[in-house]
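Listed here are the chains, written in short residue letters.
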Amino acid sequence: MSTQRPGRAVVTGIGVIAPNGLRADAYWKSVREGLGVLGRISREGCEDLPLKVAGQVEGFDASDLIDERFLVQTDRFTHYAMAAAALALDDAGLGHDDPEEPFSIGVVTAAGSGGGEFGQRELQKLWGQGSKFVGPYQSIAWFYAASTGQISIRHGFKGPCGVVASDEAGGLDSLAHAARAVRRGTGAVVVGAAEAPLAPYSMVCQLGYPELSTVEDPDRAYRPFTAKACGFVPAEGGAMLVVEDEARALDRGATVRATIAGHGATFTGASRWKESREGLARAIRVALDEAGCDPEEIDVVFPDALGVPEADRAEALAIADALGAHATRVPVTAPKTGYGRAYCGAPVLDVTAAVFAMEHGLVPPTPNVFDIDCDLDVVMSRARPAELRTALVLSRGLMGSNAALVVRRGGGLAR
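Residues numbered from 1 in each chain as written. Predicted model: local features only at pLDDT ≥ 70, side-chain atom pairs only at ≥ 80, totals over all residues. Heavy atoms only, no water.

The chain carries the name Ketosynthase chain-length factor in an unreviewed UniProt entry, which gives Streptomyces tanashiensis as its organism. Checking UniProt for the chain, the heading Sequence similarities (unreviewed entry) contains the comment "Belongs to the thiolase-like superfamily. Beta-ketoacyl-ACP synthases family." (UniProt positions renumbered as here; feature names shortened; annotations may be inferred.)

S.K.: Help me out: how do you make sense of the overall build of the chain in this one?
M.R.: Helix and strand counts for the chain stand at twelve helices and 15 strands. Taking 415 residues into account, the globule formula puts the C-alpha radius of gyration at 22 Å, and the chain, at 20 Å, falls close to it. Principal-axis analysis of the C-alpha atoms gives the chain an extent of 65 × 55 × 35 Å. For the chain, buried positions account for 61% of its 415 residues. (Helix = DSSP H or I, 4+ residues; strand = E, 2+ residues; numbered from the N terminus. Rg over C-alpha atoms; globule rule 2.2 N^0.38 Å. Buried < 20%, exposed > 50% of the residue type's maximum accessible area, 1.4 Å probe, protein only.)

S.K.: Whenever I open this one, the nonpolar core confuses me. Can you help?
M.R.: Across soluble globular proteins, nonpolar side chains have a tendency to be buried as a group. With 49 residues, the main nonpolar core has I14, V16, Y27, V191, L241 and V351 as its most contacted residues. Sort the elements by how many residues they give to this core and helix α12 (residues 345-360) lands first, with nine residues. Apart from the residues within four sequence positions on either side, V351 is in contact with L172, L175, L241, V393, L405 and V407. Judged by nonpolar contacts, the second largest core, of 48 residues, contains L280, A291, L306 and A334. (Core = buried A, V, L, I, M, F, W, Y, C linked by side-chain atoms within 4.5 Å. Contact = heavy atoms within 4.5 Å.)

S.K.: Honestly, the packing of helix α7 (residues 170-183) against α12 in this entry has me stumped. Any pointers?
M.R.: When two helices pack together, their arrangement is captured by the angle between the axes and the distance separating the axes. Packing of α7 against α12 brings their axes to within 6 Å, and their N-to-C directions diverge by 65°. Side by side, α7 and α12 meet where G171, L172 and L175 of the first sit next to P347, V348 and V351 of the second. Residues of the contact of α7 with α12, tallied by class, amount to five nonpolar, one polar and no charged. (Axes fitted to C-alpha atoms, helices over the stretch in contact; angles between N-to-C directions. Nonpolar A, V, L, I, M, F, W, Y, C, P; charged D, E, K, R; others polar.)

S.K.: Before we go on, may I ask you to explain the state of the cysteines in this structure?
M.R.: Here, the word disulfide means a covalent bond between the sulfur atoms of two cysteines. The full count for this structure, using the stated rule, is zero disulfides. C344 supplies the cysteine sulfur nearest to C161, a cysteine that is in no disulfide, at a spacing of 18 Å. Summary of cysteine pairing: C205 is not part of a disulfide, and the nearest cysteine sulfur, belonging to C46, is at 12 Å. Classification of C205 by relative accessible area gives partly exposed; the value is 42%. (Disulfide = S-S within 2.5 Å.)

S.K.: What am I meant to see in the environment of A318 here?
M.R.: For A318, the position within the fold is in helix α11 (residues 309-323). By relative accessible area, which is 0% here, A318 ends up buried. For the pair A318 and L280, spaced 38 residues apart in sequence, the C-alpha to C-alpha distance is 6.0 Å. Residues in contact with A318, not counting those within four places in the same chain, are R277, L280, A281 and I284.

S.K.: Before we go on, may I ask you to explain unusual backbone geometry in this structure?
M.R.: In this model, F225 sits at a positive phi of 65°, which is unusual for a non-glycine residue. One can find F225 in the loop between α8 (200-206) and β7 (237-245). Assessed through its relative accessible area of 4%, F225 is described here as buried.

Shown next as structure tokens:
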């Protein structure tokens, strides 16, 4: 490990398991082309539920990246996280079979609901066959901390570990948590979120959200910032990143893909979307201040984009409150309208898209959105070339959390 004083927290690895791509490069190709992959839910037991459209991960074989002994202990949401973590570690060039410095590497994940599919299966055994038929892993597989635990156990990481439970915004909060751990001296943190909400029990729970879209046409089911906005479409999957100390990364010859520059978080209450304007604006200002970033330096915004008219208006106004006149000029894009909102995984996928956008100088489009009902420069139809140095990523949770993250390109700008 470098003997230099810990400095900036940088992104050196990215792993993605998403409805529109099972690796980071496939995900970015779909995002930059504005492809829509939302479709009818095909999972067994979900056919007769009011929720018809979602972003499903297709073609995923967990055994390609995860040993069988781990698969039997875990739910689908952990399979996604473990697979994405392995891909991120490979991308970062960090060995994960027997790390030389196990106490210098930690794991942090965010989770919205945990392992609903595993839990439902075991509870059905309990009530249908009796307690002797319930597997021993029921006690851990459903738990929202399972992904952090299993990733750290599998790779032998013994550094600081944690789980963030702050609604969808937890995806951004987990990255901030990892960045602060790095600044305190941890060498690297494997961090992010992946969700698996497309199982009967999990879907029935989601039906209680008034913000959920039950429109059956995939091209019309998720259209934020429009007059026809009708809610959000859920998705499964997510992303894991490797965040490490910049000096350590440079010492080992790693590619610095981005810098986690600033973060802000607030709370305004469940479904109180009008109030979220003030809370989100406050989070943006705090993130800008921590990053030492003027509003005019923001080159692209990845919004929360809930798809609920009141929430969308509040977000547009929050961006205006925090960025001033620059809010009407900065490009805004919500790639998630093409593959769905993966709860805690959604903002981590947005950060991934932001990193790629800055690397390629390209603002990706917002699929299925053509008629904007707000004063934002939403990028539609096709990608827009642009010089991108700094991105702002936003997220809000259905239970009231708000978060903002400032991400700098390839090592960031000197403060």
